[in-house]
Amino acid sequence: MSTNSSVNEFILLGLTQDPRKQKAIFGVFLLLYLATLLGNFLILVTIKRSRTLGSPMYFFLFYLSFADACFSTTTAPRLIVDALSQQKTISYNECMIQVFSSHFFGCMGIFVLILMAFDRYVAICKPLRYTTILNRHVCSVLVILGWVGSCIHSLAQIFLALRLPFCGPNVIDHYFCDLQPLLKLACMDTYIINLLVITNSGAICTVSFIILLISYVIILYSLRNYSAEGKRKALSTCTSHFIVVVLFFGPCIFMYTRPATTFPVDKVVAVFYTIGTPLLNPLIYTLRNAEVKNAMKKLWCSKV
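Residues numbered from 1 in each chain as written. Predicted model: local features only at pLDDT ≥ 70, side-chain atom pairs only at ≥ 80, totals over all residues. Heavy atoms only, no water.

S.K.: It is not clear to me how the overall build of the protein should be interpreted in this structure. Could you clarify?
M.R.: When helices and strands are counted, the protein shows 10 helices and three strands. Shown N-terminal to C-terminal, the secondary structure of the protein runs as helices and strands in the order β-α-α-β-α-α-α-β-α-α-α-α-α. In terms of overall size, the protein behaves like a compact globule, its C-alpha atoms giving a radius of gyration of 21 Å where 304 residues would be expected to give roughly 19 Å. By its C-alpha atoms, the protein is 65 × 45 × 30 Å across when sized along the principal axes. Counting every position in the protein, which comprises 304 residues, the buried fraction comes to 50%. Considering only residue pairs separated by 6 or more positions, the protein has 79% of its internal contacts joining residues 24 or more positions apart. Computing the positive centroid from 25 side-chain charges and the negative centroid from 12, the protein places the two 14 Å apart. (Helix = DSSP H or I, 4+ residues; strand = E, 2+ residues; numbered from the N terminus. Rg over C-alpha atoms; globule rule 2.2 N^0.38 Å. Buried < 20%, exposed > 50% of the residue type's maximum accessible area, 1.4 Å probe, protein only. Contact = heavy atoms within 4.5 Å. Lys, Arg positive; Asp, Glu negative; His and termini not counted. Charge placed at Lys NZ, Arg CZ, Asp CG, Glu CD.)

See below:
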C-alpha cells in the first residue's frame, strides 16, 4: 500500500452492473479469452516445433504471440471472474501490479510490431543482405532491447501511479486498473502527472505508429521494381502486419494522448485493444499466411 494513500482496496465497476448482462459478459469473454490463449498457443508451438518457420519474421511473431497471450491475461481473467462475483474489489497492491503488467506486455507488443516492420523492410528493400543483417544473434538482441524498453516504460508508469494519493473515493469505473481512471480518484491536482502519462504512453503509441507508417510507405515504394508475383507475396505479408498495427494503435492513441478525461466509450475501446487485438492477431497471421497454415497442418495433422 502507498504511504500517501488511505485507500487499501478499489472497487471495479466492470462493463455493466446489470446482472443479466453480467452473465452474458462471463460467457462471451470466457470464450474469447480461451480462444485467445488457444490461438496464440498454437502459433507459439508451431513456430517452436516447425523447421520451415525459422526466418526472423517468425522469430518475432513468436514473441508477439507470447506478449499477446500475457497482455490479455493481465485483464481478461479479472473481468470474467468479476462478472459473476458480488464483491468486485481489488487490493491496492494488486491494482499496481495490474498497471505494471498491462503496460509491460502492451509495450512489448508495440516494440515487437516495430521489429516485424523492420524485418519486412530489410526483406523487401535489402533482400541480398537479409540473412546477414537479421541473423539470430541480432534478432535476440533486438527482442532483449524490447523487453528492457518495456520494463523502463512500465516502471515509469508504476512510479506515477504510486505517487497518487487516494483519500476517499475508491470506485473505479472500469474493468481493470489503469492510470487514466486512477487519476480521477486521486485527491490532488493531476495535471502534471497526466502530462507525464501522455509523454510516456501517448508518445510511445504515437511515435511508434508514425515510425510504422513511414516504414510501410518506404516498403510500398520499394515494391515498384518487383515482379507481379513478388508484389503480391510482399503485399500479402505487409497487409497482415498493417491490419494488426491499425487495430492496436488506433485505440491506444485514443486512450493515451488526451487530457485526464474519461468517456463512456473508453471501456469498449479498452476491450478492443486488451482482448480483441490479442484474439485477432493469431487469426490474421494464420489466415493470411500460407507458410504458417501449412506448418500448422503438417505439425498438428501428424500429431493427430
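S.K.: Would you explain a nonpolar patch on the surface in this entry?
M.R.: A contiguous nonpolar patch, built from Tyr191, Ile192, Leu195 and Leu196 and spanning about 410 Å² of accessible area, is present on the exposed surface. Here Ile192 is to be found in helix α7 (residues 191-222). Given the relative accessible area of 56%, Ile192 is considered exposed. (Patch = residues over 30% accessible without salt bridge, like charges linked within 9 Å, V, L, I, M, F, W, Y side chains within 5 Å. Areas by Shrake-Rupley, 256 points an atom, 1.4 Å probe, with all protein chains shown as cover. Salt bridge = Lys/Arg side-chain N within 4 Å of Asp/Glu carboxyl O.)

S.K.: I keep staring at the side chain of Ser50 and nothing clicks. Help me out?
M.R.: Along the chain, the position of Ser50 falls in the loop between α1 (19-49) and α2 (56-84). At a separation of 2.9 Å, a polar atom in the side chain of Ser50 contacts the side chain of Thr52. (Polar contact = N/O pair within 3.5 Å; in protein donor to acceptor, adjacent residues only side chain to side chain.)

S.K.: Would you take a moment to explain the state of the cysteines for this structure?
M.R.: Covalent bonding between the sulfur atoms of two cysteines defines a disulfide. All chains considered together, the criterion is met by two disulfides. With its sulfur 2.0 Å from that of its partner, Cys95 forms a disulfide with Cys177. Judged by the torsion about the S-S bond (-115 degrees), the Cys95/Cys177 disulfide is left-handed. Remark: Cys177 occurs in the loop between β3 (171-172) and α6 (179-185) and Cys95 occurs in helix α3 (residues 92-125); sequence separation between them is 82 residues. In this pair, the class of Cys95 matches that of Cys177, namely buried. Covalent S-S linkage joins Cys167 and Cys187, the inter-sulfur distance amounting to 2.0 Å. Of this pair, Cys167 sits in the loop between α5 (136-162) and β3 while Cys187 sits in the loop between α6 and α7; the two residues are 20 residues apart in sequence, bridging distant segments of the chain. (Disulfide = S-S within 2.5 Å.)

S.K.: Even after reading the chapter, I still don't get the pattern of salt bridges, so can you show me in this structure?
M.R.: Where charged atoms of side chains with opposite charge meet at close range, the side chains can pair. Applying the stated criterion across every chain yields a total of four salt bridges. Residues Arg120 and Asp119 are paired through a salt bridge, measuring 2.9 Å at the closest nitrogen-oxygen approach. Overlapping salt bridges, with partners in common, bring together Arg78, Asp82 and Glu94 in one network.

S.K.: Please clarify how the sheet that holds β3 should be interpreted in this entry.
M.R.: Strand-to-strand pairing in sheets goes through backbone hydrogen bonds, with the strands running parallel or antiparallel. With mixed pairing, three strands are arranged side by side in an open sheet as β2-β1-β3. Looking at the sheet topology across the chains shown, the edges are occupied by β2 (89-91) and β3. As paired strands, strand β1 (residues 9-12) and β2 are joined by three bridges and run antiparallel to one another. For Glu9, the partnering residue across the bridge sits in β2 and is Ser91. (Pairing = 2+ DSSP bridges.)

S.K.: Help me understand the pairing of β1 in this model?
M.R.: Regular strands have side chains that alternate between both faces of the sheet. Of the two faces of β1, the one lined by Phe10 and Leu12 is fully buried and the one lined by Glu9 and Ile11 carries no buried residue. Pairing of β1 with β3, which is carried by two bridges, proceeds in the parallel orientation. Pairing of Ile11 across the sheet is with Val171, part of β3.

S.K.: Explain the UniProt feature "transmembrane region" (unreviewed entry) in the protein to me, please; I cannot follow it from the model alone.
M.R.: In this numbering, the UniProt entry assigns the feature "transmembrane region" (unreviewed entry) to residues 24-45, 57-76, 96-118, 138-160, 191-222, 234-256 and 268-287. Taken end to end, residues 234-256 is 100% helix and 0% strand, and its two terminal C-alpha atoms sit 32 Å from one another. (UniProt positions renumbered as here; feature names shortened; annotations may be inferred.)

S.K.: Honestly, α7 in this entry has me stumped. Any pointers?
M.R.: In an α-helix, one turn spans 3.6 residues; hence positions three or four apart end up facing the same way. Helix length check: α7 (32 residues) gives 45 Å between terminal C-alpha atoms against 46 Å at 1.5 Å per residue, within 8%. At Gly202, α7 shows its largest kink, close to 35 degrees. (Expected span 1.5 Å × (residues − 1). Bend = angle between axes of the 7 residues up to and from the residue.)

S.K.: Which parts of the structure should I look at to understand the side chain of His153?
M.R.: With respect to the element layout, His153 can be found in helix α5. Within the structure, His153 has its side chain in polar contact with the side chain of Asn200 (distance 2.7 Å). For His153, the contacting residues outside a window of four places in its chain are His103, Cys107, Asn200, Ser201 and Ile204.

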